[in-house]
Amino acid sequence: MSAERGHWSSRVGFIMASAGSAVGLGNVWKFPYVAGDNGGGAFLIIYLGCVLVFGLSLVMAELAIGRVTQLNPAGAFRKLGGRGWAMVGGMGVLTAFIILSFYIVVAGWTLAYIVFMAGNTFGGLDVEQNTAIFTQFVSSPIQPLVYAAVFTLMVIGVVLGGVSSGIERASKWLMPLLFILLIILAIRSVTLPGAGEGVAFYLMPDWSRVTGATWGGAVSQAFFSLSLGMGAMLTYGSYMSRQQNLARDASMVVGLDTLVALLAGLVILPAVFSAGFEPGAGPGLTFMTLPAVFAEMPAGALFGSAFFVLLAIAALTSAVSLLEVVVSYCVDQKGLSRPAATIGAGAVIFVIGIPVSLSQGIWSDITIAGKSFLDLADFITASVMMPVGGLLIAVFAGWVMGPRAIEALKSHPDQALPLAGLWLFILRFVAPLGIAWILIQGFFF
Ligand code: PHE
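Report on the accompanying structure. Everything quoted here is computed from the prediction, not taken from an experiment. Here the residue numbering is sequential within each chain, running from 1 through the sequence in written order. Where totals are concerned, whole chains, interfaces and linings use all residues; where local detail is concerned, this predicted model gives features only for residues with pLDDT of at least 70, and gives and counts side-chain atom pairs only at 80 or more. Only heavy atoms go into the side-chain values, all of them from the structure, while hydrogens and water stay out.

## With respect to the layout of surface pockets
- The way it works is a 1 Å grid over only the protein atoms, where trapped points that fit a 1.4 Å probe form a cavity and open points with protein on both sides within 12 Å along at least five of seven lines form a pocket, and then any residue with an atom within 4 Å of a point lines it. Grid points are joined across faces, edges and corners, and a volume is the space filled by probe spheres set on the points. In this structure, the largest pocket occupies an estimated 940 Å³ of space.
- In this structure, the largest pocket is lined by 36 residues; those nearest its centre are Tyr 33, Ser 220, Asp 378, Phe 379 and Ser 383.
- Each helix corresponds to a stretch of at least 4 residues labelled H or I by DSSP, and each strand to a stretch of at least 2 residues labelled E; elements are numbered beginning at the N terminus. Elements supplying a minimum of two residues to the lining of the largest pocket: helix H2 (25-37), helix H6 (127-139), helix H10 (212-225), helix H16 (373-401) and helix H18 (420-444).
- Amino acids outside the nonpolar list (Ala, Val, Leu, Ile, Met, Phe, Trp, Tyr, Cys, Pro) and the charged list (Asp, Glu, Lys, Arg) are all regarded as polar, and Gly is one of them. Of the residues belonging to the lining of the largest pocket, the class tally is 18 nonpolar, 13 polar and five charged.

Here you go:
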């Protein structure tokens with residue numbers, strides 16, 4: 001089994017693939033509207049704190065657990081901690097299914113918007129008219145599902161290629177392209193007339209808008225954005241070689257993910273202000289407001305399509321890592337072949353995506369706790385399963401592995417890791433208590 005297990009062919013390949021997992025709809029679609037809803041700059045500072053304290057430590061822990069076991073999440077926890085802990089890995093695989101069920105739907109929308117933008121569908125329309133177009137599109141029963149199917153096939157195509165010639169190769173092309181598009185768009189956006197107000201809103205903290213919910217929002221955003229708490233980083237770590245400097249490369253991945261989120265905010269919020277729109281438009285911000293913004297700028301159809309291409313690339317490399325969690329589980333634990341696991345899991349995910357897509361239209365009356373299937377899948381994973389998974393992984397690395405975790409982090413037995421003691425302290429105390437406190441506060445206040 002392990003003889004055939006794939007590996008990254010280079011350090012850069014690993015970094016691109018892992019940054020590809022982290023950089024996704026979370027950064028470009030979610031982050032700007034969550035920051036917009038929560039007071040801009042103040043949210044930014046809290047978010048950066050969460051990333052630095054919880055995020056980086058947990059990315060390192062997951063990668064180290066994956067690398068030392070060379071196994072999928074369920075196999076890895078079982079090997080190091082016994083049967084009971086294997087459930088944490090199993091929960092991760094389940095989380096991957098649920099995230100994918102809405103990820104393919106929203107990613108499908110981005111594919112559709114590339115087409116709409118290129119066809120100049122939004123020329124001369126205002127936000128109300130755009131909103132109507134968006135609502136009509138997402139609520140129609142068939143069209144969004146066709147796009148979701150196309151996206152799912154793309155994900156399957158990459159994962160079928162395997163670790164180095166599928167995932168790594170695709171990421172090495174797509175991630176640099178994404179950075180280039182993002183930088184061009186950020187420059188375009190901050191130089192629009194009136195953009196300064198948006199930049200100020202984004203960067204100047206307004207502490208009066210910070211509540212307990214802001215903290216919860218920052219933690220779930222950090223977990224979602226860094227692909228944490230459900231075994232994606234663990235799985236990618238299992239394809240790493242022992243020689244790689246794990247702490248350094250993990251910091252690179254976390255840094256890139258954070259940079260992209262910050263830049264995405266700089267693309268979206270100044271553009272929104274420049275066009276005189278509200279930053280608190282919620283999940284629709286990207287799809288309803290931006291097309292109107294692009295429609296008003298010179299060469300808007302071009303910039304607009306470029307933006308949705310960027311979003312689709314970000315979504316693709318993330319969805320690939322989500323599917324890889326499921327595939328590595330089916331291959332390691334159930335003995336399936338990679339093609340059978342990839343195609344089978346892809347088909348199941350598409351089927352679960354059907355009600356999620358329909359929940360935006362003909363099934364919008366069906367709600368659970370006031371949430372549509374899409375909101376529910378997002379909420380359960382990002383706000384519950386991922387933070388809880390992260391808490392358990394911190395406890396596992398800090399207490400069950402303890403000093404063994406530090407050994408797993410080293411690339412050779414006498415590598416000096418001056419901050420290893422601090423890392424273990426965070427995993428043992430700060431992360432479990434901090435995450436628990438924030439979760440409880442989110443639920444009860
Ligand atoms: N990190 C991805 C994003 O920001 C989502 C993701 C979550 C990917 C979990 C893999 C695993 O969109």
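That shown, we press on.
## Observations regarding empty space enclosed by the protein
- This structure, assessed with the given rule, holds four cavities of 30 Å³ or more.
- Of the volumes computed, that of the largest cavity is approximately 120 Å³.
- Forming the walls of the largest cavity are 14 residues, and the residues nearest its centre are Ser 21, Phe 224, Ser 227, Ser 318 and Leu 322.
- Split by residue class, the lining of the largest cavity holds eight nonpolar, six polar and no charged.

## Thoughts on the site of the ligand
- Of all residues adjacent to the ligand, which total 17 residues, the nearest are Ala 22, Gly 26, Tyr 103, Phe 224 and Ser 225.
- The backbone of Ser 21 places a nitrogen or oxygen atom 3.2 Å from a nitrogen atom of the ligand.
- Each polar contact in these results corresponds to two N or O atoms within 3.5 Å; when the atoms are within protein, one needs to be able to donate a hydrogen and the other to accept it, and residues that are neighboring in sequence are counted only if both atoms are side-chain atoms. One of the backbone nitrogen or oxygen atoms of Ser 225 is found 3.0 Å away from a nitrogen atom of the ligand.
- For the accessible areas, the method is Shrake-Rupley and the probe is 1.4 Å, while residue cover comes only from the protein chains on display. Here the ligand, which alone exposes 320 Å², has 100% of that area covered by the protein.
- Looking at the shell around the ligand, the elements that each hand over two or more residues are helix H1 (11-22), H2, helix H5 (83-118), H10 and helix H14 (300-334). Here, proximity means that at least one heavy atom of the residue falls within 4 Å of the molecule or strand.

## Description of the packing of aromatic side chains
- Classification of ring pairs rests on two measures: the distance between centres of Phe, Tyr or Trp rings, Trp counted by its six-membered ring, which must be within 6.5 Å, and the angle between planes, read as stacked under 30 degrees, edge-to-face over 60 and tilted in between. Inspection of the entire model under this criterion finds 29 aromatic pairs.
- Plain terms: the ring middles of Phe 43 and Tyr 47 are 6.2 Å apart, the flat faces sit at 20° to each other, and that makes the pair stacked. Highlighted residues: Phe 43 and Tyr 47, both in helix H3 (residues 41-69), separated by four residues, approximately one helical turn.
- Given the relative accessible area of 0%, Phe 43 is considered buried.
- Using a relative accessible area of 1% as the deciding quantity, one classes Tyr 47 as buried. Partly exposed describes any residue whose relative accessible area lies between the buried limit of under 20% and the exposed limit of over 50%, with all areas from a 1.4 Å probe on protein chains only and scaled to the type maximum.

## Thoughts on the packing of H2 against helix H13 (residues 285-296)
- Viewed as axis vectors pointing N to C, H2 and H13 meet at an angle of 85°, and their least axial separation amounts to 10 Å. With respect to each other, H2 and H13 are oriented roughly perpendicular. Two secondary-structure elements touch here, H2 through Val 28, Trp 29, Pro 32 and Tyr 33 and H13 through Leu 285, Thr 286 and Phe 287. In this description, a line fitted to the C-alpha atoms serves as the axis of each element, helices being fitted only across the stretch in contact, and the angle between N-to-C directions of two axes falls anywhere from 0 to 180 degrees. Here is the rule for angles: anything less than 35 degrees is roughly parallel, anything more than 145 is roughly antiparallel, 65 through 115 is roughly perpendicular, and the remaining ranges are oblique. By definition in these notes, contact holds between two residues if any of their heavy atoms fall within 4.5 Å.

## Focus on H5
- Each residue after the first adds 1.5 Å to the expected span of a helix. With 36 residues, H5 should reach 52 Å at 1.5 Å per residue; the first-to-last C-alpha distance of 52 Å fits that figure.
- Note that the bend at a residue is defined as the angle between axes fitted to the seven residues ending at it and the seven residues starting at it. Helix geometry: H5 is bent most strongly at Leu 100, by close to 25°.
- One or two residues past the end of H5 sits Asn 120, with phi positive at roughly 55°.

Purely geometric stuff here, so don't read any function into it on its own.
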